[in-house]
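# Overview (structure and organization)
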Amino acid sequence: MRLFALLCCLSVLLLAATCSPDPRAAGQLKQLERTWLHAHEEDQGKVQVYRPNTYAFPPSRGRTGFAFDHNGLFTQYDIAPTDGIEGRKGRWSAISDHSLRITLDDKKDPDYTLEIVSLENDVLKVRRVEP
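Here is a short report on the structure shown in this document. Worth saying up front: this structure is predicted, and the values here are computed from it rather than measured. (Residues numbered from 1 in each chain as written. Predicted model: local features only at pLDDT ≥ 70, side-chain atom pairs only at ≥ 80, totals over all residues. Heavy atoms only, no water.)

## A look at the sheet that holds strand S3 (residues 65–68)
What counts is decided by this rule: Only strands that DSSP links by at least two bridges are regarded as paired with each other. Elements are defined by DSSP. Helices are runs of H or I of four residues or more, strands are runs of E of two residues or more, and each kind is numbered from the N terminus. Only the stretch in contact is used when a helix axis is fitted, and all axes are lines through C-alpha atoms; the angle between N-to-C directions ranges over 0 to 180 degrees.
The 8 strands are arranged S1-S2-S8-S7-S6-S5-S4-S3 in a closed barrel whose pairing can be described as antiparallel. Strand-to-strand, the axes of this sheet are offset by a mean angle of 35 degrees, without reference to chain direction. The pairing of strand S4 (residues 73–79) with strand S5 (residues 85–96) spans 7 bridges and is classified as antiparallel. Across the sheet, Leu 73 pairs through a bridge with Arg 91, a residue of S5.

## Overview of the pattern of salt bridges
Put simply, the rule reads: Salt bridge, as used here, is a side-chain nitrogen of Lys or Arg placed within 4 Å of a carboxyl oxygen of Asp or Glu. Only protein chains enter the area calculation, which uses a 1.4 Å probe; residues under 20% of their type maximum are buried, those over 50% are exposed, and those in between are partly exposed.
Applying the stated criterion across every chain, the model contains 10 salt bridges. The residue Arg 51 makes a salt bridge to Glu 42 at a minimum N-O spacing of 2.8 Å. On the basis of relative accessibility, which here comes to 14%, the residue Arg 51 falls in the buried class. Residue classification places Glu 42 among the partly exposed residues on the basis of a relative accessible area of 27%. Put simply, Asp 78, Arg 88, Asp 106 and Asp 109 are held in one network by salt bridges that share partners.

## Here we look at the pairing of strand S6 (residues 99–104)
Bridge count between S5 and S6: 6 bridges; the pairing is antiparallel. When the sheet's bridge partners are listed, Gly 90 is paired in S6 with Leu 104. Direction of pairing for S6 relative to strand S7 (residues 112–120): antiparallel, over a ladder of 4 bridges. Opposite Leu 100, over in S7, you have Leu 114 as the bridge partner.

## Topic: the pairing of S4
The two faces of the sheet receive side chains in turn, since in a regular strand these alternate between them. Relative to S4, S3 is paired through 4 bridges, and the arrangement is antiparallel. By the bridge assignment, Gly 65 is partnered in S4 with Tyr 77. Counting the residues between successive antiparallel strands, the hairpin from S3 to S4 contains 4 residues, one of them, Gly 72, with a positive phi of roughly 90 degrees. Counted along the chain from S4 to the antiparallel partner S5, the turn is 5 residues long, and its residue Asp 83 has a positive phi close to 70 degrees.

## Looking at the packing of aromatic side chains
The test is simple: Ring pairs shown here join Phe, Tyr and Trp side chains whose ring centres sit within 6.5 Å, with only the six-membered ring taken for Trp; geometry is labelled stacked below 30 degrees between planes, edge-to-face above 60, and tilted in between. Here, a charge over a ring is recorded when the distance from Lys NZ or Arg CZ to the ring centre is within 6 Å and its angle to the ring normal is within 35 degrees.
Per the counting criterion, the structure on display carries 6 aromatic pairs. An angle of 35 degrees between the planes, with centres 4.4 Å apart, marks the rings of Tyr 50 and Phe 66 as tilted. Residue Tyr 50 is located in strand S2 (residues 48–52), and its partner Phe 66 is located in strand S3; the two are separated by 16 residues in the primary sequence. Owing to a relative accessible area of 5%, Tyr 50 belongs among the buried residues under this scheme. With centroids separated by 5.6 Å and ring planes inclined at 90 degrees, the aromatic side chains of Phe 68 and Trp 92 adopt a geometry described as edge-to-face. Taken together, the positions of Phe 68 in strand S3 and Trp 92 in strand S5 put the pair 24 residues apart, joining distant regions of the chain. The pair formed by Phe 68 and Trp 92 is uniform in burial state, with each residue classed as buried. Within the aromatic cluster, the residues linked to one another by ring pairs are Tyr 50, Phe 66, Phe 68, Phe 74 and Trp 92. The positively charged end of Arg 51 is found above the aromatic ring belonging to Tyr 55, 4.4 Å away from the centroid. In this arrangement the basic side chain of Arg 128 is found over the ring face of Tyr 112, its NZ or CZ atom lying 3.5 Å from the centre.

Structure below.
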């Protein structure tokens, strides 16, 4: 009976160890938690480049972007009809280590996926994947 109990405990521990999140992925998701603005001057083909909103951007007629909050809340910033910035609320969730699902509350646009190409030194490079 003791052997059975010991094997059950070991099974639970092994299962818990295999279900723990990758610490690198968790760290990368933590780095996302800020407001990012599109540095369109640095885009490379279909890869879009974003920098923190505190970055010293060159002059531009407007910049789109987004903000990730730790609790899954998301805000997409679009250029408003008056040339200002208009925020659209939504949610984000991790699909994998390098893919995020974006859902906007107003449903004006379909959900989409952001593939994280790289995130280092305050530069976020993504590829937007439409459904």
